[in-house]
Amino acid sequence: MAASERTHPLPELVVLDSGVLFQVLYTETGASNGAIRYTDRDLVTRWADYIKALHAAGEDVTS
């Protein structure tokens, strides 16, 4: 993830049912400030695939 955050942090995203994506928003002080809803299938699929790849590359910490 560090390579992906060289210029700015990745957004906080929530993917629902592979058809809806929410980008969580925060104020300058870190308080939650709503979300932007995206329904474009290509956009949602690209982000969902990216999140799956990050998860697959992650270290297993259950042990």
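Residues numbered from 1 in each chain as written. Predicted model: local features only at pLDDT ≥ 70, side-chain atom pairs only at ≥ 80, totals over all residues. Heavy atoms only, no water.

**Considerations on the sheet that holds strand β1 (residues 12-16)**
- Spatial ordering of the open sheet is given by β1-β2-β3, a layout of three strands whose pairing is antiparallel. Each edge of the open sheet is held by one strand with a lone partner, namely β1 and β3 (32-38). Averaged over all adjacent pairs, the angle separating strand axes in this sheet is 25 degrees, with direction ignored. (Pairing = 2+ DSSP bridges. Helix = DSSP H or I, 4+ residues; strand = E, 2+ residues; numbered from the N terminus. Axes fitted to C-alpha atoms, helices over the stretch in contact; angles between N-to-C directions.)

**What about the environment of Asp42?**
- Along the chain, the position of Asp42 falls in helix α1 (residues 41-57).
- The exposure class assigned to Asp42 is exposed, which follows from its relative accessible area of 54%. (Buried < 20%, exposed > 50% of the residue type's maximum accessible area, 1.4 Å probe, protein only.)

**Comments concerning the pairing of strand β2 (residues 20-26)**
- Pairing of β1 with β2, which is carried by five bridges, proceeds in the antiparallel orientation. Counterpart to Val14 in the pairing with β2 is Phe22.
- Hairpin connection from β1 to β2: three residues lie between these consecutive antiparallel strands, with Asp17 at a positive phi of about 55 degrees.
- Bridging between β2 and β3 involves five bridges; their strand directions are antiparallel. What sits directly across from Phe22, in β3, is Arg37.
- The turn joining β2 and β3, which pair antiparallel and follow one another in sequence, is formed by five residues; a positive phi near 95 degrees is taken by Gly30.

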